[in-house]
Amino acid sequence: MKKTLFALCLALTAIACNTTPEGYVVNGTLTGEIENGTQVFLKRIDERNQPVVIDTALVENGTFKFTGKTNYPELHYIFIDKVGTFAPIVLENGEIEFKSQKDSLNMAKIKGTTQNEIFNDYIEKSRSISQRAKSIQDDMRKASLEQQEETALALKDEMEELKEEYKDFEKNYINSNPNSLIAALLIDRGLSAKVLTPEEGKEFYDALTPEIKDTKPGKRILKSLERLKSEEVKEGNTAVGAKAPSFSGPSPDGKVIALNDVLGKVTLIDFWAAWCKPCRAENPNVVKVYNKYHDKGLNIIGVSLDKKENAWKKAIADDGLVWHQISNLAYFNDEIAKLYNVNAIPAAFLLDENGVIIAKNLRGPALEAKISELLD
């Protein structure tokens, strides 16, 4: 009987050790003068990048508690009523211990679960590099005030080296912690800021564990990689040496005009809009070039990213744009702009008589010089 009872206890212990916690418990401890009944807020960032309260607790004798359940690790933030700072915390199932001075939440110590242990480690190492950067910045200001040019230049070089060190630190952290939420957050941020190349981002993403790929930042990374791949294809389709993609659109009088219908010896595709000040400033130069070279074989088709038909037509008349014009009045949602991967205007593509792209985004004297080279 004793052996049976002992075996049962061992089995129960094994089950307990291998069972994933049903939910999370955040046990918070605050030091400093803080009244009982003070509200503590648990917030997350929503799709509009705004903080949203998901739970509220009350301080009792310097402690508070949050409980709940989550499907995947996610970055949240702890705020205290009427206190300016906040603390990031990874909300994941398990028992999380949160300790902080009331007025220094950004220095909180968080432990108890895997993601928070890794996140805390990253914050501490990152903070160390940030402190070094602050020290260099302070020395640079001092050198500038004292007009110590050689010292200031040396410190500038030191700061550039530290920036590279920080990039390497983050990349190494991603490599070393593919099971961590912070790795996904760093990849997501790196792709958005173009600190990581799409190739680096994909390599890092592929190494992440399935759990981390299933988090919100993991899913954002996948979408970013898909978008970047699509842009890469479009960029290749509109690279110098590529055949310009065909398109058509409605003219101001409602007729459909296609690129193939207006090809000359040289053709300029000009993306612009009435609301775009740099475009309007460039228009007189385009008019000058067109008037000078149209009889020699230059054709232009303007693709407007306007939204208002009246504004588009008025700008054509005001600026004297006598060449072919089309617009879907769809702003940057215009399918032609997407086809040519245009996300800023003015943008221009110069084609030869076969519709092959021979130059991009030439303006001012550079545009006239290139067309002169081709047609004079």
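Counting restarts for each chain: residues are numbered from 1 in the order of the written sequence. Owing to the predicted nature of the model, reporting of local features is limited to residues with pLDDT of at least 70; listing and counting of side-chain atom pairs is limited to 80 or more, with chain, interface and lining totals taken over all residues. With hydrogens and water stripped out, all remaining heavy atoms of the structure feed into the side-chain values.

**With respect to the sheet that holds strand E3 (residues 51-58)**
Paired strands, as defined in this entry, are two strands with at least two bridges between them according to DSSP. Each helix is a run of H or I in the DSSP string that is no shorter than four residues. Each strand is a run of E no shorter than two, and both are numbered from the N terminus. Strands sit in the order E3-E2-E5-E6 across an open sheet of four strands; the sheet is antiparallel. The sheet is open, and its two edges are formed by E3 and strand E6 (86-91), each paired on a single side. Between one strand axis and the next, the sheet turns by 30 degrees as a mean value, whatever way the strands run. Here strand E2 (residues 39-45) pairs with E3 via seven bridges, running antiparallel. Note that in E3 the partner of phenylalanine 41 across the bridge is threonine 56. Angles here are taken between N-to-C directions and fall from 0 to 180 degrees, while the axes themselves are lines fitted to C-alpha atoms, restricted in helices to the stretch in contact.

**A word on the packing of aromatic side chains**
Any two rings among Phe, Tyr and Trp, with Trp reduced to its six-membered ring, count as a pair given centres within 6.5 Å; such a pair is stacked if its planes are under 30 degrees apart, edge-to-face if over 60, and tilted if neither. Taken as a whole and assessed by the stated rule, the structure comprises 16 aromatic pairs. A centroid spacing of 5.2 Å and a plane angle of 25 degrees characterise the contact between phenylalanine 79 and phenylalanine 86, whose relative ring orientation is stacked. By relative accessible area, phenylalanine 86 is classed as partly exposed at 38%. Between tyrosine 340 and phenylalanine 349, the ring centres sit 5.0 Å apart and the planes meet at 65 degrees, which makes this aromatic pair edge-to-face. Here tyrosine 340 and phenylalanine 349 have matching classes, each one buried. Aromatic rings pair up to connect Tyr122, Tyr166, Phe169 and Tyr173 into one cluster. Criterion for a charge above a ring: Arg CZ or Lys NZ at most 6 Å from the ring centre, at most 35 degrees from the ring normal. Positioned above the aromatic ring of phenylalanine 41, the side-chain terminus of lysine 43 is 5.7 Å from the ring centre. Sitting above the plane of the tyrosine 205 ring, lysine 213 keeps its charged end 5.0 Å from the centroid. Only protein chains enter the accessibility calculation, which uses a 1.4 Å probe; a residue whose area is less than 20% of its type maximum is buried, one above 50% is exposed, and one in between is partly exposed.

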